[in-house]
Amino acid sequence: MVKIKSKDSLINKNIILGVTGGISAYKACEMVRLLIKEGAKVTVAMTKNAEKFVSKMTFQYLSGNKVLSNMYDENESEISHINIADSADLILICPATANFISKYSNGIADNLLLNILLATKSRVIICPAMNVNMYENPVIQKNINKLQEYGVEFVEPDSGELACGWEGKGRLAEPEKIFNFIKKKDQNKDLTEENILITCGATREYLDPIRFISNPSSGKMGLALAKVLEARGAKTKIICGHMEEKFASNFNTVKCESVEDMEREVFKDLNKFTVIIKAAAVGDYKFKKFKKNKVKKNDSGINFEMEKTNDILARLGQEKKPNQILIGFSAETENTINNAMKKIKNKNLDLIVANDISFPDSGFGKNNNFTYMVSKNKSVEDLGLISKPNLSIKIGDYIKRIRMELS
Ligand SMILES: Cc1cc2nc3c(=O)[nH]c(=O)nc-3n(C[C@H](O)[C@H](O)[C@H](O)COP(=O)(O)O)c2cc1C
């Protein structure tokens, strides 16, 4: 049973529930019921393949409205796809097949539902459901990421046993979870009290005026964090190393090069911040001596002495105030959880976002991470392959939870 907290937000809202041809289409029936109970006006639009899984008649009875599926029905001419798109307050695609997501992300409009989506300016939420290998296929992940970049929201599928016999991420999120996602987003300025410092991108340690050592961090994670946390009402400041992603000018951003620069910036006004998220990929070593002039090529080999850089995260852990929340990131190729557990203790962190960068299509420069969230009380949340915007939402939820525990 879903607990309905407020009856205001969905009353009389026009919701188009798009149903596509997957095995979990039957769960859309429960979705219709929940939305109607909340006071929404629901119109179901189905793909032709969806009709092979659940009949139009079922949705017609449940919603009390004619079900839309035919693009060229003469009797439907007064409710064209443009009218439907214009009048919608929300379009929810539940379930969304791999096929449908891919068509939408490529601007294909060969059925009524796709035409409605391409014509709408309203909020769109997509609930993917498919076999785990289909879901993790880089083609599908790329299409999901593309739509997320255009502002389409996704309710991630659940993990578990799938109808196809496989086990993994791909099962349609439960209707209650989708319903709560819709409602939560309506009341979503939940981090207005937080002033969040985010570090991101790659530091560079120079050998001479033109050569340096660094890493492939793109800053995508920091950008996603800033966007998501600001949208939830938080104030953010970003201290970034080298970035491939560009921040919009309205973000409060300070650029730096080396670990030393970053350390100086981070500790400047540290007490102002309620949360510190260290997503930057900071170099562990620097050249012992910086050569003022370009190092010349010679015929034999060459050796450079290196020394450790300062550990900014460890210093933050030592100096953090009791009400500050400190979140670190780690990139690992083995023993991801054990290493995170050690780090969280040694560096006095509240949370480690531990990424297994050996997983394909994840980590530096990619749109996804393969993540375990390890918290101070040793609980481990296995998030699997998750997009950086969705991971940012999880981190925002964590901050909210910890703040409630601290206060
Ligand atoms: C029994 C059965 C179950 C299916 N379940 C899914 C599913 O859960 N997710 C998915 O992406 N495709 C699934 N498919 C494949 C889709 O039906 C197929 O890709 C179809 O073209 C989707 O059409 P639509 O996106 O226009 O609705 C299933 C196919 C069959 C025969």
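Residues numbered from 1 in each chain as written. Predicted model: local features only at pLDDT ≥ 70, side-chain atom pairs only at ≥ 80, totals over all residues.

**Section: the sheet that holds strand β4 (residues 123-128)**
Taken in spatial order, the five strands of this open sheet run β2-β1-β3-β4-β5, and their pairing is parallel. This sheet does not close on itself; its edge strands, each paired only once, are β2 (41-46) and β5 (153-154). Both β4 and β5 contribute to a ladder of two bridges, which runs parallel. Among the inter-strand pairings, Ile126 is bridged to a residue of β5, identified as Phe154. Contacts between helix α5 (residues 112-119) and the sheet are confined to β1 (14-19), β2, β3 (90-96) and β4, with β2 contributing the most and set at about 125° to the helix. (Pairing = 2+ DSSP bridges. Helix = DSSP H or I, 4+ residues; strand = E, 2+ residues; numbered from the N terminus. Contact = placed C-beta atoms within 7 Å. Axes fitted to C-alpha atoms, helices over the stretch in contact; angles between N-to-C directions.)

**Comments concerning the site of the ligand**
Around the ligand, 15 residues are found, and the nearest of them are Gly21, Gly22, Thr47, Asn49 and Thr97. It is helix α4 (residues 98-105) that provides the largest number of residues to the shell around the ligand, a total of three residues. Looking at the shell around the ligand, its residues break down into seven nonpolar, eight polar and no charged. (Near = placed C-beta within 6 Å. Nonpolar A, V, L, I, M, F, W, Y, C, P; charged D, E, K, R; others polar.)

**A closer look at the sheet that holds strand β18 (residues 368-375)**
Taken together, eight strands build an open sheet; the order of strands is β12-β11-β8-β13-β16-β17-β18-β19 and the sheet is mixed. The open sheet has two edge strands, β12 (253-255) and β19 (380-387), and neither has a second partner. Sheet twist, expressed as the mean angle between neighbouring strand axes with direction ignored, is 15°. Of the pairings in the sheet, the one linking strand β16 (residues 325-332) to strand β17 (residues 351-356) comprises six bridges and is parallel in character. Opposite Glu332, over in β17, you have Asp356 as the bridge partner.

**Considering the pairing of β17**
Looking along a regular strand, one sees side chains alternate from face to face of the sheet. Counted residue by residue, β17 has six buried out of six residues, so it is predominantly covered. Side chains of β17 alternate between two faces, with Leu351, Val353 and Asn355 and Ile352, Ala354 and Asp356 buried alike. Read from β16 through helix α12 (residues 336-346) to β17, the crossover connection turns out right-handed. Bridge count for β17 against β18 is five bridges, and the pairing is antiparallel. Opposite Ile352, over in β18, you have Val374 as the bridge partner. (Buried ≥ 20, exposed ≤ 12 C-beta atoms within 10 Å, placed from the backbone. Right-handed = clockwise from strand over helix to strand, strands pointing away.)

**Section: the domain arrangement of the protein**
Taken domain by domain, the protein consists of domain 1 (14-186) and domain 2 (195-286 + 306-406). Measuring from the centre of the C-alpha atoms in domain 1 to the corresponding centre in domain 2 gives 34 Å. A per-element tally of the side of domain 1 that touches domain 2 places helix α7 (residues 138-149) first, with five residues. When its residues are assigned to classes, the side of domain 1 that touches domain 2 shows three nonpolar, four polar and three charged. (Domains from an automatic or database assignment.)

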